Amino acid sequence: DTPYIETSDVLPTTVHHKQKLEAEGIVQGLFEDSLILRTGWLFGANVGQTDFVTARIAEIRASDVVYSNVQQIGNPTFVNDLVLQIQHLLDFNAIGVFNCVGNGEAVSRFDYVEKIAKTLGAKTEIKECSSSYFGRVAPVSPNESAFNKGLDSLGANIMGNWEDRLVKYVSSFQ
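Here is what the cut-offs are and how they apply
Every chain's residues receive numbers from 1 upward, in the order its sequence appears when written. Residues qualify for local features only when their pLDDT is at least 70, as the model is predicted, and side-chain atom pairs are given and counted only at 80 or more; totals for whole chains, interfaces and linings, by contrast, use all residues. Values reported for side chains reflect all heavy atoms of the structure, with hydrogen atoms and water molecules removed beforehand. Only DSSP runs of H or I with at least four residues qualify as helices, and only runs of E with at least two residues qualify as strands; both kinds are numbered from the N terminus onward. What the globule rule says is 2.2 Å times the number of residues to the power 0.38, and the radius of gyration is computed from C-alpha atoms. Summary of the burial criterion: residues with accessible area below 20% of their type's maximum are buried, those above 50% are exposed, and those between are partly exposed, where the area comes from a 1.4 Å probe applied to protein chains only. Two residues qualify as a contact provided that any one of their heavy atoms is within 4.5 Å of a heavy atom in the partner residue. Using the Shrake-Rupley algorithm and a 1.4 Å probe, accessible areas are obtained, with residue cover drawn only from the displayed protein chains. The charge count treats Lys and Arg as positive and Asp and Glu as negative. His and the chain ends do not count. Charge positions are represented by NZ for Lys, CZ for Arg, CG for Asp and CD for Glu. The nonpolar core is taken to be a set of buried Ala, Val, Leu, Ile, Met, Phe, Trp, Tyr and Cys residues, with the residues joined through side-chain atoms within 4.5 Å. Here a helix's expected span is defined as the number of its residues, less one, multiplied by 1.5 Å. When we speak of the arc, we mean the arc of directions from the helix axis to the C-beta atoms.

Draft legend 1. Main features of the overall build of the chain. Within the chain one finds 6 helices and 8 strands. Going from N to C terminus, the chain has its helices and strands arranged as α-β-β-α-β-β-β-α-β-β-α-β-α-α. Here the chain has a C-alpha radius of gyration of 17 Å; the compact-globule value for 174 residues is 16 Å, and the two agree. In terms of its C-alpha atoms, the chain occupies a principal-axis envelope of roughly 50 × 30 × 30 Å. Expressed as a percentage of the 174 residues in the chain, the buried residues total 37%. Put simply, 88% of the contacts in the chain that link residues at least 6 apart link residues at least 24 apart. Per element, the accessible surface of the chain, about 10,100 Å² overall, is 53% carbon and sulfur. With 14 positive and 21 negative side-chain charges, the chain shows a separation of 7 Å between the mean positions of the two kinds.

Following this line, the structure appears as structure tokens:
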């Protein structure tokens, strides 16, 4: 129910997350000085590519009503911030496991989509729904939220505030 920190017991709820955890263990077993980064909800696609945000922008522009999952929470993370954070950690010669997510409070997918719509100035109604609404074959984890405790402890957290980055990113589409 709370954001994961690097020392939290990891309890993967999907095959995808189980495989990511298994991969972390393999890397740590092979390289004692490894650097493992846990990210979340990346946005910031290259021109001509699609990410969650650009897909929602298209959906919002094409619809009067958009449904969004109110149950799943996480941390939107701007790709450019992640790239800078990776370089910063490499310059720091950091090793270990670090969360690298957008700073700010975790948010539901619903609130995330609502923020996109408001930034666009769209009149599209964003309606709450449960994760079952989408009929996904692969389930999603209800809580993918994290806190950058390791980065903060190291004094190396340069991740931007996800809301500020989202507003700037979405505004670039207007």
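Draft legend 2. Here's a closer look at the nonpolar core. Val53, Ile60, Tyr112, Ile116 and Leu166 are the most contacted members of the largest nonpolar core, which totals 19 residues. Looking at this core, the elements with two or more residues in it are helix 2 (52-62), helix 4 (109-120) and helix 6 (162-171). Sorting elements by how many residues they give to this core places helix 4 first, with 6 residues. Apart from residues lying up to four places away in sequence, valine 53 is in contact with Phe43, Tyr112, Ile116, Leu166, Tyr169 and Val170.

Draft legend 3. Seen up close, helix 3 (residues 79-91). For helix 3, built from 13 residues, the straight-helix expectation of 18 Å at 1.5 Å per residue is met to within 8% by its first-to-last C-alpha distance of 18 Å. Residues of helix 3 that are buried include every one of Asp81, Leu82, Gln85 and Leu89, and no others. The arc enclosing the buried residues of helix 3, seen along the axis, measures out at 95 degrees, which places them on a common side. The exposed set on the far side of helix 3, more than 90 degrees from its buried face, consists of Leu84 and Asp91. Packing partners of the buried residues in helix 3 comprise strand 1 (35-38), strand 2 (42-43), strand 5 (77-78), helix 5 (149-154) and helix 6. Positive phi shows up at asparagine 93, right after helix 3, with a value of about 55 degrees.

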